[in-house]
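Architecture at a glance
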Amino acid sequence: GTEPPIEAIVKVVKQSYMRKFRRQVRKDKAMRRKVGEHPNLLYSRWVGPDNKGRIWKARRFCKGGPVMRLRALSDGKLREAYIAYIIHETLQALSHLHNNDFQHTSVKPSNILLTESFDVMLTDPWA
């Protein structure tokens, strides 16, 4: 069967950043092979280069946005149960990374995203 389409964010890498991003692509692929998949980890996918030498970076679109946005939407007050759930799911992702000898060095609210169904996704695990 055919999988349903997913919404994604796509970024075209500028020529001036190409060298840096080629290193990043190699690093991302190596990390992904080492760590594997986890339901709370959000990886980018890299495509290219195309016939113009451009590289495309894509990842799943998380409609809920970063968790720091929740604070603004709730007048700065989040229910304890929401906070506990977000922390628990984030720790699940971190535990998976650590169990595979990988350390996320940039855990911050802007790297913790929420899907429309309130799934917690930790992104940028290579940062």
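Report follows, based on the coordinates. Here the structure is a predicted model, which is why all the values come from computation and not from measurement.

This part takes up the pairing of strand 7 (residues 120–123). Every second residue of strand 7 is oriented toward a common face, with Val 120 and Leu 122 on one face and Met 121 and Thr 123 on the other, all of them buried. Two strands pair when backbone bridges link them, and strand 2 (residues 41–42) and strand 7 are joined in this way by two bridges, in the parallel orientation. When the bridges of strand 7 are listed, Leu 41 appears paired with Leu 122. Taken together, the three bridges between strand 6 (residues 112–114) and strand 7 define a ladder with antiparallel strand orientation. Within strand 7, the residue paired with Leu 114 across the bridge is Val 120. Taking the residues that link successive antiparallel strands as the turn, the strand 6-strand 7 hairpin has five residues, and the phi of Phe 118 there is positive, at about 70 degrees.

A cluster of basic residues, Lys 11, Lys 14, Arg 19, Lys 20, Arg 22, Arg 23 and Arg 26, forms a positive patch on the protein surface. No other element matches helix 1 (residues 18–35), which puts five residues into the positive patch. Structurally, the position occupied by Lys 11 is in strand 1 (residues 8–12). On the accessibility criterion, Lys 11 (42% relative accessible area) is partly exposed.

What counts and what doesn't
- Residues numbered from 1 in each chain as written.
- Predicted model: local features only at pLDDT ≥ 70, side-chain atom pairs only at ≥ 80, totals over all residues.
- Heavy atoms only, no water.
- Buried < 20%, exposed > 50% of the residue type's maximum accessible area, 1.4 Å probe, protein only.
- Helix = DSSP H or I, 4+ residues; strand = E, 2+ residues; numbered from the N terminus.
- Pairing = 2+ DSSP bridges.
- Patch = residues over 30% accessible without salt bridge, like charges linked within 9 Å, V, L, I, M, F, W, Y side chains within 5 Å.
- Areas by Shrake-Rupley, 256 points an atom, 1.4 Å probe, with all protein chains shown as cover.
- Salt bridge = Lys/Arg side-chain N within 4 Å of Asp/Glu carboxyl O.
- Lys, Arg positive; Asp, Glu negative; His and termini not counted.
- Charge placed at Lys NZ, Arg CZ, Asp CG, Glu CD.

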